[in-house]
Amino acid sequence: MVPTASTAATACAGPYSASQVYTGGMTASYNSHNWNAKWWTQGETPSTGGSGVWADQGSCGTGGGTTPSPSPTPTGGTQSPSPNPTGTVCAFQIWVAGTQYTTGTVVKYAPNGQFYVATHDNPGYDPTISTWYWSPSNCAVDQPSPGPSSSTTGTPNPGGFVVSEAQFNQMFPSRNPFYTYSGLVAALNAYPAFAGTGSDTVKKQEAAAFLANISHETGGLVYVVEQNTANYPHYCDTTQPYGCPAGQAAYYGRGPIQLSWNFNYKAAGDALGIDLLNNPNLVQTDAAVAWKTGIWYWMTQNGPGTMTAHNAMVNGKGFGETIRSINGSLECNGGNPAQVQSRVNAYTSFTAILGVPTGSNLSC
């Protein structure tokens, strides 16, 4: 007899696999129970003990792993149709930043495991931020996250950051709750090359360099907005053709890199697919957006220097060149040695936490 809706047991999600990366909100089945990941995890068998990363969602009907085992990862972009409890069947792709999507395309967004449909053609804007281009898909209604077979080797692993949450907490013991580790991990998909280029040592050195500089900018991730409010009206460059639509005093320093000036909000927003020119407050209200602006600057802007901070680290130019790219005109070449040393001290501490050498050329 086919069970009716009232008598059927809860369907089991895809079976747990030790080789699969699970991010917050993703679901797996194990020992005839569905389990929901609270944050990024890999290789930790679902249970109510351990780190507490798994939440037991109760017993389920058929399916469910009992022995963690690696599963092959396909390289194709389009996935097999995935039914959900409402009866909807959806062919979907794993969302990748920078990929062109046409109206009607359904994607799965790996950081939260949800599905979205493109409402307008777009060049890979973030579905959770660019809501004009994307809407939640019916495929996401009570849809268990597909099992390990839905990963793709071409998709950046949002949980593959070289700094663990425990190390992040050690670096920033007094940080503002706004600066979440999960927000940082969610932001990584914007620039997969960030802390993902070169050897493991280079990756960790770059992560340490970025975190050291933003630690200096924010007092150890304590400050979300610029503290000197008298400066707020100064960041509107009225010579720009787009002006300052959010108000003359709206473009003050926000976020981990303390993004300021209307032209920087415009440039960052254009690159990330977010309208920051009209909505600069997103940088102080959405942790993932805030982290993305910091990574955007790090990856794309030379600032007062001659190269991006990313290129400085991956090409062996040293931590000192990252300082030059961020605030070199005021601090380098003897401008403010104490500020430079503050950044160097943070970098030295963070590389020690990550277990890698600092490299040479620490100062500027």
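I will try to describe carefully the structure that is included in this document. Computed from a predicted structure; not experimentally measured.

For the structure shown, the criterion picks out 17 aromatic pairs. Relative to Y30, the ring of Y16 has its centre 6.1 Å away and its plane inclined at 80°; by these criteria the two rings are edge-to-face. Here Y16 is found in the segment before β1 (21-22), whereas its partner Y30 is found in strand β2 (residues 27-30), with 14 residues between them in sequence. Given the relative accessible area of 3%, Y16 is considered buried. Taking 6.2 Å as the distance between ring centres and 70° as the angle between the ring planes, the aromatic pair formed by W296 and Y297 counts as edge-to-face. Accessibility assignment for this pair places W296 and Y297 in one class, buried. Among the aromatic residues, those joined into a ring-pair cluster are F161, F168, F172, F178, Y179, Y181, F194, F210, W291, W298 and F350. The positively charged end of R254 is found above the aromatic ring belonging to Y252, 3.7 Å away from the centroid.

Working definition: the covalent bond between the sulfur atoms of two cysteines is a disulfide. What the rule picks out here adds up to 2 disulfides. A sulfur-sulfur distance of 2.0 Å marks the disulfide that ties C236 to C244. Between C236 and C244, the disulfide has an S-S torsion of 110° and is therefore right-handed. For C244, a relative accessible area of 16% puts it in the buried group. What pairs with C332 in a disulfide is C364, and their sulfur atoms sit 2.0 Å apart. One quick way to see it: the torsion about the S-S bond of C332 and C364 is about -85°, and its sign makes the bridge left-handed. A residue pair is termed long-range when its members are at least 10 positions apart, and C332 in the loop between α8 (319-331) and α9 (337-354) and C364 in the segment after α9 qualify at 32 residues. Accessibility classification places C332 together with C364 in one group, the buried group.

Right, let's get into the nonpolar core. F161, F168, F194, L211, W291, I295 and W298 are the most contacted members of the largest nonpolar core, which has 65 residues in total. Those elements giving two or more residues to this core turn out to be α1 (165-171), α2 (181-187), α3 (200-218), α4 (262-272), α6 (287-300), α7 (309-314), α8 and α9. Apart from the residues within four sequence positions on either side, I295 is in contact with L184, A187, L188, Y191, F194 and F210. In terms of nonpolar packing, the next biggest core, distinct from the first, is built from 8 residues, Y101, V107, Y109 and Y125 among them.

Conventions adopted
Residues numbered from 1 in each chain as written. Predicted model: local features only at pLDDT ≥ 70, side-chain atom pairs only at ≥ 80, totals over all residues. Heavy atoms only, no water. Phe/Tyr/Trp six-rings, centres within 6.5 Å; stacked < 30°, edge-to-face > 60°. Helix = DSSP H or I, 4+ residues; strand = E, 2+ residues; numbered from the N terminus. Buried < 20%, exposed > 50% of the residue type's maximum accessible area, 1.4 Å probe, protein only. Lys NZ or Arg CZ within 6 Å of the ring centre and 35° of its normal. Disulfide = S-S within 2.5 Å. Core = buried A, V, L, I, M, F, W, Y, C linked by side-chain atoms within 4.5 Å. Contact = heavy atoms within 4.5 Å.

Function-wise, these values are silent; they only describe arrangement.
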